[in-house]
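Summary of the model geometry
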Amino acid sequence: MKEADFRDNETLELFKKSGGNILMTTIDAIIDWGRSNSIWPLTFATSCCGIEMMATGASRHDFARFGIEVYRASPRQADVIVVAGTVVNKMAPVLKRLYDQMSDPKYVIAMGACAVSGGPFFYNTYHVVRGVDHVIPVDVYVPGCPPRPEALLYGVMQLQRKIRLESMSKPRQTEELK
Amino acid sequence: MDNAALKERILGLVPEAEFVENKQFLTFIIPPAKMHDLARSLKSEADLAFDYLFCLTGVDMVKYLEVVYHLESTSHRHMLVLKVRTTDRENGAVDTVCDIWRTAEFHEREVYDLMGIRFTNHPDLRRLFLEEGWKGHPLRKDYVDEVNIVEL
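Residues numbered from 1 in each chain as written. Chains lettered and ligands numbered in written order. Predicted model: local features only at pLDDT ≥ 70, side-chain atom pairs only at ≥ 80, totals over all residues.

**Considering the overall build of chain B**
We apply this condition: By definition, any uninterrupted DSSP run of H or I lasting at least four residues is a helix, any uninterrupted run of E lasting at least two residues is a strand, and each is numbered from the N terminus. C-alpha atoms define the radius of gyration in this analysis, and the globule rule sets the expected value at 2.2 Å times the number of residues to the power 0.38. With C-beta atoms placed from the backbone, a residue is buried if 20 or more other C-beta atoms are within 10 Å of its own, exposed if 12 or fewer are, and partly exposed between those counts. Any pair of residues counts as being in contact when their C-beta atoms, constructed from backbone geometry, are within 7 Å of one another.
Per the secondary structure count, chain B includes three helices and seven strands. For chain B, the succession of helices and strands along the chain, N to C, is α-β-β-α-β-β-β-β-α-β. On C-alpha atoms alone, chain B measures out to a radius of gyration of 16 Å, which is about the 15 Å that the 2.2 N^0.38 rule sets for 152 residues. Across its three principal axes, chain B shows a C-alpha extent of roughly 50 × 30 × 25 Å. The buried share of chain B, reckoned over its 152 residues, is 24%. Across chain B, the fraction of contacts at a sequence separation of at least 24, relative to all contacts at a separation of at least 6, is 46%.

Spelled out as structure tokens, the structure:
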């Protein structure tokens, strides 16, 4: 991906319109810088995307360059849940509970076709949730089957940019699904 | 025991068994009534000693339902596949083998859950994966789910 393409992000422009005074924006900048460079993911993988997520964490691609190296085994210590794989109807309540147990602010990356929309293979069945956004609110969608580690890194970088635009004057509202 | 000898041995035990040609494993179709007795002799007789049931599968072939048993002897290193068929889709039942190979207990619960084949004398024939109140058996060819499945 070219540098120019990465810079072009309409949502980013939209977010930047939010107002704030000088003191607040300075504090925000420091806090957001710190938070966006230390996102701890939850160890949560339901299928083959999990293997690719591990590859992203391993030395060749190295998640840790972006500060998200520490996979937490407990949702209470995690900032982001990377939903890597198919979520079935029986898994959905578990996923919802994990998400609820994470402390705010919390983020969700839907990784791969299954988490985005139910997947290329199993969507037309009795047991698959067609997109994890039916269960928990998603911040970044990373398509692919499974996505390359570069794609996941790109998704992570998008999430970081999203975090960098947050402000203390307008705290992030975790949207509740109807 | 090699496959030729094993074939003669099985046909000696169950003359009605139907041998299936050109398969990866030595394969027989066994009449349902004979299955349990055959399984017991396969396990107990010293020259056969099939002590390991490594797979038990249910298949819906539309005309009939089938249960497939993959067996191995860990001492003699020979393998065998047995198939049992039932044409009754509503109340099709096969004798359980979980009193012979304990591992069959969960396998049979899974087959019952997803294919709806009943196993007589099974100690605890409940659904394994799906909820208790689930209607139907979703891996059957004629399963209808109007909410989740789009017919193409």
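**Some details on the overall build of chain A**
Along the backbone of chain A there are seven helices and four strands. The linear arrangement of helices and strands in chain A, starting from the amino end, is α-α-α-β-α-β-α-β-α-β-α. Counting only residues that meet the buried cut, chain A has 30% of its 178 residues in that class. In chain A, the proportion of contacts linking residues at least 24 apart, taken out of those at least 6 apart, comes to 80%.

**Quick look at the pairing of strand S3 (residues 107-111) of chain A**
Residue and element names in this part refer to chain A. For clarity, the threshold we go by: Paired strands are those between which DSSP finds at least two bridges. Throughout, right-handed denotes a crossover for which the path from the first strand over the helix to the second runs clockwise when the strands point away from the viewer.
Where burial is concerned, most of S3 is hidden: five out of the five residues are buried. The alternating pattern of S3 places Tyr-107, Ile-109 and Met-111 on one face and Val-108 and Ala-110 on the opposite face, and all of these are buried. Bridge count between strand S2 (residues 80-84) and S3: five bridges; the pairing is parallel. When the bridges of S3 are listed, Ala-84 appears paired with Met-111. Regarding the hand of the β-α-β motif, the stretch spanning S2, helix H5 (residues 92-101) and S3 is right-handed. Relative to strand S4 (residues 140-142), S3 runs parallel, the two being bridged by three bridges.

**A closer look at the environment of Ile-149 of chain B**
Here Ile-149 of chain B is to be found in the segment after strand S7 (118-120). Owing to 14 C-beta atoms within 10 Å, Ile-149 of chain B belongs among the partly exposed residues under this scheme. Excluding its chain neighbours within four sequence positions, the residues that come into contact with Ile-149 of chain B are Asn-124, Thr-125 and Tyr-126 of chain A.

**Considerations on unusual backbone geometry**
A cis amide bond links Asp-104 of chain A with the next residue in sequence, Pro-105 of chain A, at an omega value of -10°. Relative to the helices and strands, Pro-105 of chain A resides in the loop between H5 and S3. With omega at -15°, the peptide bond leading from Cys-145 of chain A into Pro-146 of chain A counts as cis. Structurally, Pro-146 of chain A can be placed in the loop between S4 and helix H7 (149-164). In the Ramachandran plot, Val-62 of chain B falls in the positive-phi region, its phi being about 65° despite a non-glycine side chain. In this fold, Val-62 of chain B is placed in the loop between strand S3 (52-60) and strand S4 (65-72). By C-beta crowding, Val-62 of chain B is classed as exposed, having 9 other C-beta atoms within 10 Å. Although it is not a glycine, Arg-77 of chain B adopts a positive phi angle of roughly 60°. Secondary-structure assignment places Arg-77 of chain B in the loop between S4 and strand S5 (79-86).

**Some details on the sheet that holds S3 of chain A**
Residues and elements named next belong to chain A. Applied cut-off: Under this scheme, a helix contributes an axis fitted over its contacting stretch, all axes are lines through C-alpha atoms, and angles between N-to-C directions fall in the 0 to 180 degree range.
Read from one edge of the open sheet, four strands run S1-S2-S3-S4, paired in parallel fashion. At either margin of the open sheet sits one strand with a lone partner, and together these are strand S1 (41-42) and S4. Its contacts with the sheet put helix H4 (residues 49-57) on S2 and S3, and the angle it makes with S2 is roughly 130°.

**Details of the nonpolar core**
As a reminder of what qualifies: Defined on buried residues, the nonpolar core groups Ala, Val, Leu, Ile, Met, Phe, Trp, Tyr and Cys residues joined through C-beta atoms within 7 Å.
Grouped together as the largest cluster of nonpolar side chains are 37 residues, with contacts concentrated most on Ile-81, Val-82, Val-83, Ile-109, Ala-110, Met-111 and Ala-115 of chain A. At the level of elements, H4, S2, H5, S3, helix H6 (112-117), S4 and H7 of chain A are the ones that each hand at least two residues to this core. Val-82 of chain A has contacts with Pro-41, Phe-44, Met-53, Ile-109 and Met-111 of chain A, leaving out every residue within four places of it along the chain. Ile-30, Leu-38, Leu-42 and Leu-80 of chain B belong to the second-largest nonpolar core, a separate cluster that totals 28 residues.

**Considering the pairing of S4 of chain B**
Residue and element names in this part refer to chain B. Side chains Leu-65, Val-67, Tyr-69 and Leu-71 project from S4 onto a buried face, and the interleaved Glu-66, Val-68, His-70 and Glu-72 project onto a face without burial. Examined bridge by bridge, S3 and S4 share eight bridges and lie antiparallel to one another. Each bridged residue has a counterpart across the sheet, and for Leu-56 the counterpart in S4 is Tyr-69. Here S3 folds back onto S4, and the loop between the two strands holds four residues, one of which, Val-62, carries a positive phi near 65°. As judged from the eight bridges shared by S4 and S5, these two strands associate in the antiparallel manner.

**A short note on the sheet that holds strand S2 (residues 27-30) of chain B**
Residue and element names in this part refer to chain B. One open sheet holds the five strands; their spatial order is S1-S2-S5-S4-S3, and the pairing between them is mixed. Only two strands of the sheet have a single neighbouring strand rather than two, namely strand S1 (18-20) and S3. For this sheet, the mean angle separating the axes of adjacent strands, direction not counted, is 25°.

**Concerning the confidence of the model for chain B**
Where we set the bar: Confidence of the predictor at the level of single residues is given by pLDDT, which spans 0 to 100.
For chain B, per-residue confidence averages 89 on the pLDDT scale, and residues scoring 70 or more make up 100% of the total. At the level of chain-chain contacts, confidence expressed as ipTM amounts to 0.72, with global pTM at 0.78.

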